Amino acid sequence: MGYRRSPGAGPVGKGRVVLTSIPGGGSPADSGSPGSQSRPGGHPQPGSSAAEIGQRARIWHVVLNVAGRVTPLPSLKQGLEQLAHEHPPFLTARYAADHAEIRYWEQADTLQDAAALALRLWGEHRSSAGLPPWEVVGLEVVDRPTYHQRIAEGYTEPPAFLGGVHPY
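Predicted model only: the values in this text are computed from it and were never measured.

A.B. asks: An account of the nonpolar core is needed here, citing residue identities and associated values.
C.D. replies: Judged by nonpolar contacts, the single largest core of 24 residues is most densely connected at Leu-80, Leu-83, Ile-102 and Trp-122. Looking at this core, the elements that each hand over two or more residues are β3 (58-67), α3 (73-86), β4 (90-96), β5 (99-108) and α4 (111-129). If you tally residues by element for this core, the top one is α4, at six residues. Once residues lying within four places of it in the same chain are set aside, the contact partners of Ile-102 are Val-62, Val-63, Leu-64, Leu-80, Leu-83, Phe-90, Thr-92, Ala-93 and Trp-122.

A.B. asks: How would you summarise the packing of aromatic side chains if you had to cite specific residues and measurements?
C.D. replies: On inspection of all chains with the given rule, the structure shows two aromatic pairs. Here Trp-105 and Tyr-147 contribute two aromatic rings whose centre-to-centre distance is 5.1 Å and whose plane-to-plane angle is 85°, an arrangement assigned as edge-to-face. Of this pair, Trp-105 sits in strand β5 while Tyr-147 sits in helix α5 (residues 144-152), and the two are 42 residues apart along the sequence. With 6.0 Å between their ring centres and 5° between their planes, Trp-122 and Trp-134 make a pair best called stacked. Taken together, the positions of Trp-122 in helix α4 and Trp-134 in the loop between α4 and β6 (135-143) put the pair 12 residues apart, joining distant regions of the chain. With a relative accessible area of 1%, Trp-122 lands in the buried category. The class for Trp-134 is buried, based on a relative accessible area of 4%.

A.B. asks: So what's going on with the sheet that holds β3? Which residues, and what values?
C.D. replies: Here five strands make up an open sheet; going across it, the order is β6-β3-β5-β4-β7 and the pairing mixed. Since the sheet does not close on itself, it has two edges, and those belong to β6 and β7 (165-167), each with one partner. For this sheet the average axis-to-axis angle between neighbouring strands, irrespective of direction, equals 20°. Judged from the 10 bridges that link them, β3 and β5 form a sheet pairing that is antiparallel. When the bridges of β5 are listed, Ala-67 appears paired with His-99. Of the strands in this sheet, β4, β5 and β7 touch α3, which is tilted by about 165° from β4.

A.B. asks: Lay out the side chain of Thr-71 in plain terms, naming residues and giving numbers.
C.D. replies: Assignment of secondary structure puts Thr-71 in the loop between β3 and α3. The exposure class assigned to Thr-71 is buried, which follows from its relative accessible area of 13%. A polar contact of 3.2 Å, which involves the side chain of Thr-71, links it to the backbone oxygen of Arg-69. At 3.5 Å, the side chain of Thr-71 forms a polar contact with the side chain of Trp-134. Once residues within four sequence positions are removed from consideration, Thr-71 is found in contact with Leu-76, Ala-97, Pro-132 and Trp-134.

A.B. asks: So what's going on with the environment of Thr-92? Which residues, and what values?
C.D. replies: Within the element layout of this structure, Thr-92 appears in strand β4. With a relative accessible area of 4%, Thr-92 lands in the buried category. Between the C-alpha atoms of Thr-92 and Tyr-104, which are 12 residues apart in sequence, the distance is 6.7 Å.

A.B. asks: Please set out the pairing of β5 residue by residue, giving values where relevant.
C.D. replies: Most of β5 sits out of view: eight of its 10 residues are buried. The sheet contact formed by β4 and β5 spans six bridges and is antiparallel. Considered in β5, the bridge of Ala-96 is made with His-99.

Definitions and cut-offs
- Residues numbered from 1 in each chain as written.
- Predicted model: local features only at pLDDT ≥ 70, side-chain atom pairs only at ≥ 80, totals over all residues.
- Heavy atoms only, no water.
- Core = buried A, V, L, I, M, F, W, Y, C linked by side-chain atoms within 4.5 Å.
- Buried < 20%, exposed > 50% of the residue type's maximum accessible area, 1.4 Å probe, protein only.
- Helix = DSSP H or I, 4+ residues; strand = E, 2+ residues; numbered from the N terminus.
- Contact = heavy atoms within 4.5 Å.
- Phe/Tyr/Trp six-rings, centres within 6.5 Å; stacked < 30°, edge-to-face > 60°.
- Pairing = 2+ DSSP bridges.
- Axes fitted to C-alpha atoms, helices over the stretch in contact; angles between N-to-C directions.
- Polar contact = N/O pair within 3.5 Å; in protein donor to acceptor, adjacent residues only side chain to side chain.

Structure (structure tokens):
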């Protein structure tokens, strides 16, 4: 579940923040929770409060890979730094002239929601962050326990740099 402004919500800071989700992907266990205001599939009723939705949400580790035409490194670095500013909690990014890898945490009810938000990230911030017109070429989304288990078992290394934008 990402933070999105509702259509027609007026100037930023004036309307309430609305959490949105994509349909599908809910588990049967989600829809039968006592006291939940969910529709079939585990998705919240329009009247669910942000606190209720936040209690159900999970944290997902996202690795997004993008690639395209060669871009000048200084402008690419500046764009990735702006993306980090626009989309907290940004963990780290690595880049080269024709590709980049972005690692961050996303809050969402389901893996499908987290993946949908991740797939839209580059395009939604392309103009505001000054990012090149690259396409998403890879995506990995895992829940927090799986991410930490992989590191503990030595299957993957934690990012070489904790935070920031760095060349490969």
